[in-house]
Amino acid sequence: MLIRPLTLDDHDASVRLAAEAFGRAPGSPLPARPDTLPTDRHVVGAFEGEQLVARLATHEYESWWHGRRVATCGIAGVAVAAEHRGGGLLAPVLARALADATVRGESLSTLYPTATGIYRPLGYEVVSSYDTVEVTMADLARLRPPVGTRTRRARLEDVPAVRGVYDAWAAAQNGPLTRTGPRFATTDAELLEAFTALTVAVDETDRVVGFASWDRGSGYGDSATGIEVHDLLATTLDGYRALWLVLASHSSVVGRVRLSTSGHDPARLALPSSTWTVVQRHPYMLRVDDPAAALTAAGPALPGLARTEIGFAVAGDPLGRSDGHYRLTVGAEPGVCERVGPAAGVPVLSPQGLALLYAGAQSCANLRMLGHLTGPAEHDALLDALLGSRPAHVRDYF
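Before going into details, it helps to say that this report is about the structure given with it. Fair warning: this is a prediction, and the values are worked out from it, not measured in the lab.

### A short note on the nonpolar core
Here is step 1 of the chain: Judged by nonpolar contacts, the single largest core of 43 residues is most densely connected at Leu-140, Leu-232, Tyr-240 and Trp-244.
Here is step 2 of the chain: Aside from chain neighbours lying at most four places away, what touches Trp-244 is Val-135, Leu-140, Leu-143, Leu-232, Val-257, Leu-259, Ala-267, Ala-270, Leu-271 and Trp-276.
Here is step 3 of the chain: Membership of the second largest hydrophobic core comes to 39 residues, among which are Ile-310, Tyr-326, Cys-364 and Leu-386.

So this is what it looks like as structure tokens:
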């Protein structure tokens, strides 16, 4: 079996295999072959003779973890020919893709799985989900009006402030993409025109404290599709209230608002009711491919903490990439992690346990109950404090 990066000559075979996995309207033409390959997207495939039998794509991203930007490999477009499914092809193709990602400096990889059970044996674990939720106009009817915050349609000069609101929110979470790089190279004007409207919430000084990007949808009354909200983010509670009220103003023509969200969204805290209905959910999985690089990039720290060394090991990685012993040195300044020689008497994490701990998605106590963490518990409380203080959120599907 030959595993290699795909080239332009592999374009037709690659899109056919992707269509087999994800579907394509009968009789529709294949996408035209591009003139060049994108610089931030890489496709790896497995060949049996001349036949392409498996492929996956990786995207170069950065995402926010523990207040810092971490280079992240986004896995997408995983496809295996029907006759070869269950044959163990995914592991070597993924191993090649992750090896290439490591060369690019990407120590984490993430993906939206079609089935979580396929990826858990490869070291991935669910740390969040990308959800679509519905809120009825009846639930929005009792919204409290904001104090000192108003809304208006965004202008071109507002777009940098809109991006600033996203960055301020994203930096306070674990997991959101930074929305930088070629895949997010939208100009201010293009962003402004991408939706039915981009609404901003502003305070008494006209400072942007929140925004909602939304599409009106089609129809009205019983046939209406509802308001589709792509982003609803604010840095103040009244910012959220003001934006919800703009969406509620459509109550005479539509019955519901659909919002793309994740986790325990602060936007929900502005609602008069805790009720919203999840209508679609896409689990988000994380793998820590290079623990030393990933933890050093995240730089966990605690104000006032004296310099402390935490030894640990990772064992059971089926790809053989993260297994080994490590030393995490932490304190009031950003922490540093390095690979070290074998040591006895240290806690041992499974690859899935490391992903859950890194994301702050589970406590050390819960990891021990699940068998993902064994050995001495001396530093459990410190690890929880270092890595568990930020909620996990995602806002971009790929």
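### Some words on the packing of aromatic side chains
Any two aromatic rings considered together are summarised by their centre-to-centre distance and by the angle between their planes.
Here is step 1 of the chain: Applying the stated criterion to the full structure yields twelve aromatic pairs.
Here is step 2 of the chain: Aromatic pair Tyr-61 and Phe-398: ring centres 5.0 Å apart, planes at 50 degrees, arrangement tilted. Of this pair, Tyr-61 sits in strand β3 (residues 51–65) while Phe-398 sits in the segment after α11 (380–387), and the two are 337 residues apart along the sequence.
Here is step 3 of the chain: Under the relative-accessibility criterion, Phe-398 is labelled buried at 15%.
Here is step 4 of the chain: Their ring planes at 35 degrees and their centres at 6.0 Å tell us that Tyr-130 and Tyr-397 sit as a pair that is tilted. Residue Tyr-130 is found in strand β6 (residues 125–136), and its partner Tyr-397 is found in the segment after α11; the two are separated by 267 residues along the sequence.
Here is step 5 of the chain: Using a relative accessible area of 45% as the deciding quantity, one classes Tyr-397 as partly exposed.
Here is step 6 of the chain: Through a chain of ring-to-ring contacts, the aromatic side chains of Tyr-61, Tyr-112, Tyr-130, Phe-184, Tyr-284, Tyr-397 and Phe-398 assemble into a single cluster.
Here is step 7 of the chain: Stacked on the ring of Tyr-166, the Lys or Arg Arg-179 has its end atom at 4.0 Å from the ring centre.

### Considerations on helix α9 (residues 351–358)
Here is step 1 of the chain: In terms of burial, α9 is a largely internal element, eight of the eight residues being buried.
Here is step 2 of the chain: Inspection of α9 places Pro-351, Gln-352, Gly-353, Leu-354, Ala-355, Leu-356, Leu-357 and Tyr-358 among the buried residues, and these make up the whole buried set.
Here is step 3 of the chain: Residue Gly-360 follows α9 closely and has a positive phi angle near 70 degrees.

### So, the pairing of strand β13 (residues 308–314)
Here is step 1 of the chain: With five of seven residues buried, β13 is to be regarded as a mostly interior element.
Here is step 2 of the chain: Pairing analysis gives seven bridges linking β13 to strand β14 (residues 324–330), with the strands arranged antiparallel. Considered in β14, the bridge of Gly-311 is made with Arg-327.
Here is step 3 of the chain: The sheet contact formed by β13 and strand β16 (residues 348–349) spans two bridges and is parallel. Within β16, the residue paired with Val-314 across the bridge is Leu-349.

### Some thoughts on the environment of Pro-182
Here is step 1 of the chain: In this structure, Pro-182 sits in the loop between α5 (159–171) and α6 (188–193).
Here is step 2 of the chain: Between the alpha carbons of Pro-182 and Thr-39 there is a distance of 8.4 Å; along the sequence they are 143 residues apart.

### What to know about the pattern of salt bridges
Here is step 1 of the chain: Tallied over the entire structure, the rule returns 28 salt bridges.
Here is step 2 of the chain: With a shortest N-O distance of 3.5 Å, Asp-9 and Arg-33 are connected by a salt bridge. Note that Asp-9 is positioned in the loop between β1 (2–5) and α1 (11–22) and Arg-33 in the loop between α1 and β2 (41–48), a separation of 24 residues in sequence.
Here is step 3 of the chain: Owing to a relative accessible area of 64%, Asp-9 belongs among the exposed residues under this scheme.
Here is step 4 of the chain: Exposure remark for Arg-33: the relative accessible area of 46% places this residue in the partly exposed category.
Here is step 5 of the chain: With its nearest N and O atoms 2.7 Å apart, the salt bridge here joins Asp-231 to Arg-179. Pair noted here: Asp-231 is in strand β10 (residues 227–234) and Arg-179 is in the loop between α5 and α6, with a separation of 52 residues, a long-range link.
Here is step 6 of the chain: The buried category is assigned to Asp-231, whose relative accessible area is 6%.
Here is step 7 of the chain: Overlapping salt bridges, with partners in common, bring together Arg-150, Arg-152, Arg-155, Glu-157, Asp-158 and Asp-206 in one network.

### Topic: the sheet that holds β6
Here is step 1 of the chain: Ordered in space as β1-β2-β3-β4-β5-β12-β6-β11-β10-β9-β8-β7, the twelve strands form an open sheet in which the pairing is mixed. With one partner strand each, in any of the chains shown, β1 and β7 (150–153) form the two edges of the open sheet. Strand-to-strand twist in this sheet, taken as the mean axis angle between neighbours without regard to direction, amounts to 25 degrees.
Here is step 2 of the chain: Sheet strands touched by helix α8 (residues 291–298): β3, β4 (68–80), β5 (108–111) and β12 (277–288). Its angle to β4, the strand with the most contacts, is close to 135 degrees.
Here is step 3 of the chain: Taken strand by strand, α9 contacts β3, β4, β5, β6 and β12, and its axis lies near 50 degrees from that of β6.

Parameters at a glance
- The numbering scheme is per chain: residues are counted from 1 as the chain's sequence reads.
- Totals for whole chains, interfaces and linings use all residues, but because this is a predicted model, local features are given only for residues with pLDDT of at least 70 and pairs of side-chain atoms are given and counted only at 80 or more.
- Excluding hydrogens and water, the side-chain values take into account all heavy atoms of the structure.
- As used here, the term nonpolar core means buried Ala, Val, Leu, Ile, Met, Phe, Trp, Tyr and Cys residues forming a set that is joined through side-chain atoms within 4.5 Å.
- Each residue's exposure class comes from its accessible area (1.4 Å probe, protein chains only) as a fraction of the maximum for that residue type: buried when under 20%, exposed when over 50%, partly exposed otherwise.
- The contact rule is simple, with two residues in contact once any of their heavy atoms fall within 4.5 Å.
- To pair, rings of Phe, Tyr and Trp, with the six-membered ring standing in for Trp, must have centres within 6.5 Å; the planes then decide the type, stacked if under 30 degrees apart, edge-to-face if over 60, and tilted in the middle.
- In this description a helix means any DSSP run of H or I spanning at least four residues, a strand means any run of E spanning at least two, and both kinds are numbered starting from the N terminus.
- A ring has a charge above it when a Lys NZ or an Arg CZ is no more than 6 Å from the ring centre and no more than 35 degrees off the ring normal.
- Any two strands with at least two DSSP bridges between them are considered paired.
- Counted as salt bridges are all cases of a side-chain nitrogen of Lys or Arg within 4 Å of a carboxyl oxygen of Asp or Glu.
- Only the contacting stretch of a helix is used when fitting its axis, a line to C-alpha atoms as for every element, and angles between N-to-C directions run 0 to 180 degrees.

Nothing here speaks to function; it is geometry throughout.
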